[in-house]
Amino acid sequence: MSLALPFQSAKQLAAAVRKKKIGCLELLDLYLKRVEAYNPELNAVIATDIEGARKHAKAADRAVKAGRKLGPLHGVPMTIKESFDVTGFPTTWGDPAFKDTVAKENSLVAQRMIDAGVTLFGKTNVPLNLADWQSYNEVYGSTNNPWDLGRTPGGSSGGSGAALAAGLTGIEAGSDIGASIRNPAHYCGVWGHKPTWGVVSPKGHALAGAVAYGDIGVVGPLARSAEDLEIAMEAMAGPDAVDGRGWTLSLPRSKKKKLRDFKVAVLLTDPNAEVDESVQALLSKLASFLSRNKVEVSRKARPAIDTAELNDVYIRILRAATSGRMPDDVYRQAVKDAASLPAGDMSYFAQMQRGNALAHREWLRLNEKRHKMRLAWDAFFQDYDLMLCPVAVTAAFPHDQAGLRHKRTIVVNNKKVPVVDQIFWAGYAGVTLLPATAAPIGLTKDGLPVGVQIIGRQYGDYDCIQFAKLLEKEYRGFEPPPAYS
């Protein structure tokens, strides 16, 4: 059964425009009406430029009428994560200190998507400093999950995931250092791709004019279809103008045409981050489906990595990568905490503060461990094409904005556990710079979406996306949240 127009893929929307079944302005107004109707309860779209977008859409209609060459996403209405610079919009990262800071030029991702034909009309919500799996801040308020308004849509690209799922936008772009693309895709029932580190330039995705490219973090697409991820990657990937003087990107295209062409490993849980049975059941169901369809599936194959060590390295390097954003007084407290905490304390708080206070000499040692793990993954991918594993330990959890994040809990298998424990599943691919696609695979008994994390070899982005495309075709396509369909 074909989806209603607002829930169609960006590829389908662009095809409708090219075939003159709908005009660019008409399509934009369709989404703007949905934003007007549904966004007040979701608070996913937090800033718009309607006048500018309509002007752009009219020009796009003239291009169609004149028979000009059109981009692959011509006329597709788009919103983008608040943390990307877009001319004329504030870039705050949810921090009130930057609420009046207006971007003077587009980020590279925004510009490349515009060049591909999108009509960029707004921005979507994030948590403060992009540092939560919930999306709320003092500037824009809190975003709700369209599957259950009492639950988080994820973070930090939570507004992106919610807007896509509810049919408020045609395509999105987000960022990911701690599952910030993969997590909202999983919680909201859409697709997201975390590219191999360095494949998509993050120029213009920074706060207060920062220009250095950070460790681990990447930028990439979210969409209602795996095909859209491929189209968006083709549009946004590649070096910026400076790096482009010396190198060009040539990601290998997937040679796999059928699911059974893939050889995959499946991982349901890990002692470092126990996964709820509701999520494990859907992953196991997927594995059984693949086996029945002649995919070679191993439930035991793993890279030769100590996952406790991987988690330790990830948390400390992650927190070191983001420590530059910390105010001086917060940094000084982290240094004190790191010096006073017992060496045997491996709690998230202890590892976070050690990372926040990390000396460069220790970072170099951790980085050496990280790259040995990267090579262990590469050896694993000599035998297997993909690793399938959880994105997070549960489906979307209820809003919990009280106190410090590391002190909050969620319920996993009827036990309260620290919400931050699930950072493990972000780092499983992230710390070693690997690509990973999140794709929806079903609903829990409570009617909440669950996604699978599809991890590929370094620069194997299109294998991850191709597998997601085949799953979408043969296993599960997009399903709108009932209240918005």
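For the structure, see preceding data.
This section reports on the structure supplied with the text. (Residues numbered from 1 in each chain as written. Predicted model: local features only at pLDDT ≥ 70, side-chain atom pairs only at ≥ 80, totals over all residues. Heavy atoms only, no water.)

What follows covers the overall build of the protein chain. On a plain count of helices and strands, the protein chain comes out with 14 helices and 15 strands. What you see for the protein chain is a C-alpha radius of gyration of 21 Å, in line with the 23 Å of a compact globule of 485 residues. Along the first, second and third principal axes, the C-alpha set of the protein chain runs to 70 × 55 × 50 Å. Burial statistics for the protein chain: of 485 residues in total, 60% are counted as buried. Accessible area of the protein chain: about 19800 Å², with a carbon and sulfur share of 51%. When the 60 positive and 51 negative side-chain charges of the protein chain are each reduced to one mean point, those points stand 5 Å apart. (Helix = DSSP H or I, 4+ residues; strand = E, 2+ residues; numbered from the N terminus. Rg over C-alpha atoms; globule rule 2.2 N^0.38 Å. Buried < 20%, exposed > 50% of the residue type's maximum accessible area, 1.4 Å probe, protein only. Areas by Shrake-Rupley, 256 points an atom, 1.4 Å probe, with all protein chains shown as cover. Lys, Arg positive; Asp, Glu negative; His and termini not counted. Charge placed at Lys NZ, Arg CZ, Asp CG, Glu CD.)

Turning our attention to the packing of aromatic side chains. In the structure shown here, the tally under the stated rule is 13 aromatic pairs. When the ring of W425 is compared with that of Y428, the centres are 5.9 Å apart and the planes differ by 70 degrees; the resulting orientation is edge-to-face. Within this pair, W425 and its partner Y428 are both found in helix α13 (residues 423-430), separated by 3 residues, close to a single helical turn. As far as the burial class goes, W425 and Y428 line up, both buried. Among the aromatic side chains, those forming a connected cluster through ring pairs are W377, F380, F381, Y384, F424, W425 and Y428. One Lys or Arg, R253, reaches over the ring of Y462 and ends 3.9 Å from the middle of that ring. Over the ring of W133 we find R405, and its NZ or CZ is 5.2 Å from the ring centre. (Phe/Tyr/Trp six-rings, centres within 6.5 Å; stacked < 30°, edge-to-face > 60°. Lys NZ or Arg CZ within 6 Å of the ring centre and 35° of its normal.)

With respect to the element layout, Q8 can be found in the segment before α1 (10-18). There is a polar contact of 3.2 Å between the side chain of Q8 and the backbone oxygen of L3. (Polar contact = N/O pair within 3.5 Å; in protein donor to acceptor, adjacent residues only side chain to side chain.)

This part covers helix α7 (residues 226-236). For α7, a buried count of 9 out of 11 residues is recorded, marking the element as mostly surrounded by other parts of the structure. Those residues of α7 that fall on the buried side of the exposure criterion are A226, D228, L229, E230, I231, A232, M233, A235 and M236. You can read the cap of α7 off the contacts: a side-chain oxygen lies 3.1 Å from the backbone nitrogen of E227, and it is on S225. At the C-terminal side of α7, G238 shows a positive phi close to 120 degrees.

What follows concerns the packing of helix α9 (residues 307-322) against α13. The interhelical angle for the contact between α9 and α13, taken along N-to-C directions, is 90 degrees, at an axis separation of 9 Å. Here α13 runs roughly perpendicular to α9, going by the angle between their axes. In contact with T307, L310, N311, Y314, I315 and L318 of α9, α13 contributes I423, F424, A426, G427 and Y428. Split into classes, the residues belonging to the contact of α9 with α13 amount to 8 nonpolar, 3 polar and no charged. (Axes fitted to C-alpha atoms, helices over the stretch in contact; angles between N-to-C directions. Parallel < 35°, antiparallel > 145°, perpendicular 65-115°, else oblique. Contact = heavy atoms within 4.5 Å. Nonpolar A, V, L, I, M, F, W, Y, C, P; charged D, E, K, R; others polar.)

Our next topic: the pattern of salt bridges. The full count for this structure, using the stated rule, is 19 salt bridges. Between D100 and K99 there is a salt bridge whose closest N-O contact spans 3.5 Å. Overall, D100 belongs to the exposed group, its relative accessible area being 62%. The salt bridge partner of R151 is D148, with a shortest N-O separation of 3.0 Å. Members of the salt-bridge network, linked through shared partners, are E230, E234, R253 and K469. (Salt bridge = Lys/Arg side-chain N within 4 Å of Asp/Glu carboxyl O.)

Alternating positions in strand β7 (residues 191-194) separate into two faces, W191 and H193 on one and G192 and K194 on the other, with burial throughout. When β7 meets strand β8 (residues 218-223), the two strands line up antiparallel, connected through 2 bridges. Residue pairing across strands places W191 opposite A223, the latter belonging to β8. Two elements, β7 and strand β14 (residues 436-443), share 3 bridges in a ladder whose sense is antiparallel. Directly across from H193, in β14, lies its bridge partner T437. (Pairing = 2+ DSSP bridges.)

With the rule as written, the count across this model stands at 3 cavities of 30 Å³ or more. Estimated volume of the largest cavity: approximately 50 Å³. As for the largest cavity, its lining consists of W147, G189, P440, I441, G442, L443, P449, V450, R476, G477, F478 and E479. Mapped by element, the contributors of at least two residues to the lining of the largest cavity are β14 and β15 (449-456). With 4 residues, β14 is the single largest residue contributor to the lining of the largest cavity. In terms of residue class, the lining of the largest cavity is built from 7 nonpolar, 3 polar and 2 charged. Looking at the second largest cavity, the residues that line it are D132, Q134, F397, D400, R405, R408, T409, I410 and V419. The class makeup of the residues in the lining of the second largest cavity is 3 nonpolar, 2 polar and 4 charged. (1 Å grid on protein atoms, 1.4 Å probe; cavity = no way out; pocket = protein on both sides within 12 Å on 5 of 7 lines; lining within 4 Å. Points joined across faces, edges and corners; volume = space filled by probe spheres on them.)

Time to look at the sheet that holds strand β1 (residues 45-48). Read across the sheet, 3 strands follow the order β1-β3-β2 without closing on themselves; strand pairing throughout is mixed. Bordering the open sheet on either side are β1 and β2 (77-81), each of which pairs with just one other strand. When strand polarity is set aside, the average angle formed by the axes of neighbouring strands in this sheet is 40 degrees. Where β2 lies against strand β3 (residues 119-124), 5 bridges are found, and the strand directions are parallel. The residue bridging T79 from the neighbouring strand is G122, located in β3.

So yeah, pure geometry; function would need other evidence.
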